[in-house]
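In case you want the letters, here they are:
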Amino acid sequence: MRFLLLPINFKTPLISSFLLQLPLSIRSSSRRFVPLTLRSSSSFSSSISMATTTTSSEAGLARKFWIKSTRQSIFAMYTPFTICLASGNLSIDSFRHYISQDLHFLRAFAQAYELAEECADDDESKLGISELRKAVLEEIKMHHSLVQEWGLDLAKENSVNSATVKYTDFLLATASGKVEGLKGLGKLATPFEKTKIAAYTLGAMTPCMRLYAFLGKKFQELLDSNGSTHPYKKWIDNYSSDDFQACALQTEDLLDKLIVSLTGEELDVIEKLYHQAMKLEIEFFTAQPLFQPTIVPVTKGHNPVEDHLIIFSDFDLTCTVVDSSAILAEIAIVTAPKSDQNQPEDQIVRLSSSDLRNTWGFLSKQYTEEYEQSIESIMPANKLGHFDYEKLSIALEQLSKFENSANNRVIESGVLKGINLEDIKRAGERLILQDGCTNFFQKIVKNKNLNANVHVLSYCWCGDLIRSAFSSAELNELNVHANEFAYDGSISTGEIVKKVESPIDKVQAFRNILKNCKGDKKKLTLYIGDSVGDLLCLLEADIGIVIGSSSSLRTVGTQFGISFVPLFSGLVKKQKEYIEGSSSNWKGLSGILYTVSSWAEVHAFILGC
């Protein structure tokens, strides 16, 4: 358990949406403020900040479409082809094939811009589209210069692959007015109807421009100081250049201008075209042939007969948006009797709602203060010059004692008495999970040829809440290892059956699970977590992935010599070192943890698109 006191107004979207879906008997409690527990203020603030960003009225629709495509852009970034290109060890045969296919793309772009220019109804739009078309023609020249520089023989690549054809056919059909619900281009009666074609065409082109600008910048950031040694530096320089970035922005601005007068239904068409273009672009990158071993996805060479993939995950704020203790506290408070309400003699005696609120607030404040003190107390006087797992384990044993004492205080306070199991299950069914989390686990458990298991290790006080959250997503196969409520019938007694309440408990559960995995199959373990309590498991797993931005996790880890490496840059580095016949060298206790901002990165890394 790790929480802080945060008085959340009843109008808070995350909580109010949860309350509105609870039974009326629970929602009928009258109060203005509720002390809730959130385990990481930074993660919560980040979620709110992100929500604010994506709905900002200042951003144009093109920018909003791109933000909504974040998950797709990550999948494009993590394809084997793009990882190899970024690393610089992409085979020349693969690059030659890519260039030949991209030339087909660019010619289709030039043709689509020409059709869009004919449909635009004002000189400014026509001029803007004309400039973008000229930029594409310059890009084609750049590709031809690469062909000459490398001595590539594109005659060997005279065929067009199906992924290229799907996108170019889609784009040219759109530019010709062949969009669902529209008349053919030759039958458009008014200039306004023709203008819509220009807007639809830009909607199908803009995401590709923005995606290339995005990838160019990402690759540029990873170039060594002697980046001139990168064989594809000229390609990276082009797409990360100020000129290309400005061109992508100009395309977005032009799209925003063209859609100003469109109806809501027509804007929906634009958005569908945008996301379809993104989907086809990812298929294009995925379809590029590779003539070398690659580091991604992890499961590419997975043989279910010989290999066993074991995935471990924390729950609170790794899988969820709100800490589970906040939900359990909310249920306890809103179902508690009022101060003047008589309680039946045959039921468990509970604190009144007002007393419970006050007690919970006190426990929250006490926990927050003591947790910060405990983190301070386990830190070494000076930052260690190297990773020291043994010293970190000793330090976290002290934190484990604190967590045990905090849980004892919760039990003794009686705040968890009298909660109905059915209310817990309903809350679990409506628990908001991080975007992409459910989809990732579903892909794992539904792939019967993967030979993979998923184990959830959590400090959560009530395993029933976790099981309910996953069962609502048809994820009953997940193995949940957490604490449990003690019940009298279906009513909680206030006791907690302690199973996983500290970093030491978590890593012991992790080891026991591996010990009980029988057979001689080669095991690959992966742990996904977000807090200090996950550190030992993250480090012992072959691959440790930190999701979110917990400052305490990074502070403690850094002081004990742990390196935190963004997953994408870590994979590019590994790809540079990856050669035919070598091992991927994933192994635990390396002192390196990989950081991600979303479940999409985890999904793309492990499973691919």
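Just so it is clear, the structure is predicted and the values come from calculations on it, not from any experiment.

Brief notes about helix 7 (residues 92-119)
Move 1: With 28 residues, helix 7 extends 40 Å between its outermost C-alpha atoms, agreeing within 8% with the 40 Å of an ideal straight helix rising 1.5 Å per residue.
Move 2: Burial of helix 7 is extensive: 20 of the 28 residues sit out of reach of the surface.

Thoughts on unusual backbone geometry
Move 1: For the bond from Val 296 to Pro 297, the omega torsion is -15°, close enough to zero to count as cis.
Move 2: Of note in the backbone geometry, Asn 451 takes a positive phi value of approximately 55° without being a glycine.
Move 3: For Asn 451, the location among the structural elements is in the loop between helix 18 (437-446) and strand 5 (452-457).
Move 4: Phi is positive for Leu 589, which is not a glycine, with a value near 60°.

Topic: empty space enclosed by the protein
Move 1: Following the criterion strictly, the structure yields four cavities of 30 Å³ or more and no others.
Move 2: The calculated volume of the largest cavity comes to roughly 110 Å³.
Move 3: In terms of lining, the largest cavity is formed by Asp 102, Phe 105, Leu 106, Phe 109, Glu 139, Cys 208, Met 209, Tyr 212, Tyr 239, Phe 244 and Glu 281.
Move 4: Elements with a minimum of two residues in the lining of the largest cavity: helix 7 and helix 10 (191-221).
Move 5: Tallying contributions element by element places helix 7 first for the lining of the largest cavity, with four residues.
Move 6: Broken down by class, the residue content of the lining of the largest cavity amounts to eight nonpolar, no polar and three charged.

Focus: the pattern of salt bridges
Move 1: All told, the structure shown has 19 salt bridges when counted by the stated rule.
Move 2: Its salt-bridge partner being Glu 252, residue Arg 210 comes within 2.9 Å of it at the nearest N-O pair. Placement of Arg 210 in helix 10 and of Glu 252 in helix 12 (residues 242-258) is noted, with a sequence separation of 42 residues between them.
Move 3: Judged by its relative accessible area of 4%, Glu 252 falls in the buried class.
Move 4: The residue Asp 464 makes a salt bridge to Arg 467 at a minimum N-O spacing of 3.2 Å. Of this pair, Asp 464 and Arg 467 both sit in helix 19 (residues 463-471), three residues apart, which is roughly one turn of the helix.
Move 5: Asp 464 gets classed as buried once you look at its relative accessible area, which sits at 16%.

A word on the pairing of strand 5
Move 1: In this structure, strand 3 (residues 307-313) lies alongside strand 5, joined through five bridges in parallel fashion. What sits directly across from Phe 312, in strand 5, is His 455.
Move 2: Across three bridges, strand 5 lies against strand 6 (residues 479-481) in parallel orientation. For Leu 457, the partnering residue across the bridge sits in strand 6 and is His 481.
Move 3: Where the polypeptide runs from strand 5 across helix 19 and back to strand 6, its parallel neighbour, the crossover connection is right-handed.

Quick look at the packing of aromatic side chains
Move 1: Following the criterion strictly, the structure yields 37 aromatic pairs and no others.
Move 2: Taking 4.4 Å as the distance between ring centres and 55° as the angle between the ring planes, the aromatic pair formed by Phe 105 and Phe 284 counts as tilted. With Phe 105 in helix 7 and Phe 284 in helix 13 (residues 264-286), this residue pair connects regions lying 179 residues apart in the sequence. With respect to class, Phe 105 is no different from Phe 284; both count as buried.
Move 3: The ring of Tyr 459 has Lys 506 lying over it, and the distance from NZ or CZ to the ring centre is 4.9 Å.
Move 4: Lys 574 extends its terminal NZ or CZ atom over the ring of Trp 586, reaching a point 4.6 Å from the ring centre.

Points about the state of the cysteines
Move 1: Tallying each qualifying case throughout the model produces zero disulfides.
Move 2: Residue Cys 319 stays outside any disulfide, its sulfur separated by 3.7 Å from that of Cys 437, the closest cysteine.
Move 3: The structure places no disulfide on Cys 460, whose sulfur is separated from the nearest cysteine sulfur, that of Cys 462, by 6.0 Å.

Observations regarding the nonpolar core
Move 1: If you look at the biggest cluster of nonpolar residues, it comprises 149 residues, and the most contacted ones within it are Trp 235, Phe 440, Phe 441, Phe 470 and Phe 605.
Move 2: Here this core gets 15 residues from one element, more than from any other, and that element is helix 10.
Move 3: Excluding its chain neighbours within four sequence positions, the residues that come into contact with Phe 440 are Ile 311, Ile 528, Trp 599, Val 602, His 603, Ile 606 and Leu 607.
Move 4: Among the nonpolar cores identified, the runner-up in size contains 36 residues, and Phe 312, Ile 378, Phe 387 and Leu 539 belong to it.

A few points about the sheet that holds strand 10 (residues 543-547)
Move 1: Ordered in space as 6-5-3-9-10-12-11, the seven strands form an open sheet in which the pairing is parallel. At either margin of the open sheet sits one strand with a lone partner, and together these are strand 6 and strand 11 (563-566). Averaged over neighbouring strand pairs, the angle between their axes works out to 25° when direction is ignored.
Move 2: Sitting on the sheet, helix 23 (residues 567-577) touches strand 11 and strand 12 (592-596), and the angle it makes with strand 11 is about 85°.

Description of the sheet that holds strand 4 (residues 417-420)
Move 1: Spatially, three strands are ordered 4-8-7 in an open sheet, and the strand pairing comes out antiparallel. Each edge of the open sheet carries a strand with a single partner, namely strand 4 and strand 7 (484-488). Pairs of neighbouring strands in the sheet enclose a mean axial angle of 55°, with direction left out of account.

Quick look at the environment of Phe 402
Move 1: With respect to the helices and strands, the residue Phe 402 is situated in helix 16 (residues 389-413).
Move 2: Sequence-wise, Phe 402 and Ser 502 are 100 residues apart; in three dimensions their C-alpha atoms are separated by 8.7 Å.

A closer look at helix 24 (residues 599-607)
For an α-helix, 3.6 residues make a turn, and residues three or four places apart therefore share a direction.
Move 1: Among the nine residues in helix 24, nine count as buried, and that is most of the element.
Move 2: Residues of helix 24 that are buried include every one of Trp 599, Ala 600, Glu 601, Val 602, His 603, Ala 604, Phe 605, Ile 606 and Leu 607, and no others.
Move 3: Phi turns positive, to about 80°, at Gly 608, one or two residues after helix 24.

A word on the packing of helix 4 (residues 61-68) against helix 13
Move 1: Running from N to C, helix 4 and helix 13 point in directions that differ by 45°, and their axes come no closer than 11 Å. What the angle tells us is that helix 4 and helix 13 run oblique. For the element pair helix 4 and helix 13, the recorded crossing hand is right-handed. Of helix 13, the residues touching helix 4 (which contributes Leu 61, Ala 62, Phe 65, Trp 66 and Lys 68) are Leu 267, Ile 270, Glu 271, Tyr 274, His 275 and Met 278.
Move 2: Per-class residue counts for the contact of helix 4 with helix 13 are eight nonpolar, one polar and two charged.

So, the packing of helix 11 (residues 233-240) against helix 12
Move 1: Two numbers describe how helix 11 lies on helix 12: the axes approach to 5 Å, and their chain directions differ by 45°. Considering the angle they form, helix 11 stands oblique to helix 12. Counting all contacts with helix 11, which are made through Asn 238, Tyr 239 and Ser 240, the residues of helix 12 involved are Asp 242, Phe 244 and Gln 245.
Move 2: Class assignment for the residues of the contact of helix 11 with helix 12 results in two nonpolar, three polar and one charged.

Conventions used here
Residues numbered from 1 in each chain as written. Predicted model: local features only at pLDDT ≥ 70, side-chain atom pairs only at ≥ 80, totals over all residues. Heavy atoms only, no water. Helix = DSSP H or I, 4+ residues; strand = E, 2+ residues; numbered from the N terminus. Expected span 1.5 Å × (residues − 1). Buried < 20%, exposed > 50% of the residue type's maximum accessible area, 1.4 Å probe, protein only. 1 Å grid on protein atoms, 1.4 Å probe; cavity = no way out; pocket = protein on both sides within 12 Å on 5 of 7 lines; lining within 4 Å. Points joined across faces, edges and corners; volume = space filled by probe spheres on them. Nonpolar A, V, L, I, M, F, W, Y, C, P; charged D, E, K, R; others polar. Salt bridge = Lys/Arg side-chain N within 4 Å of Asp/Glu carboxyl O. Pairing = 2+ DSSP bridges. Right-handed = clockwise from strand over helix to strand, strands pointing away. Phe/Tyr/Trp six-rings, centres within 6.5 Å; stacked < 30°, edge-to-face > 60°. Lys NZ or Arg CZ within 6 Å of the ring centre and 35° of its normal. Disulfide = S-S within 2.5 Å. Core = buried A, V, L, I, M, F, W, Y, C linked by side-chain atoms within 4.5 Å. Contact = heavy atoms within 4.5 Å. Axes fitted to C-alpha atoms, helices over the stretch in contact; angles between N-to-C directions. Parallel < 35°, antiparallel > 145°, perpendicular 65-115°, else oblique. Left-handed = near helix turned anticlockwise from the far one by under 90°.

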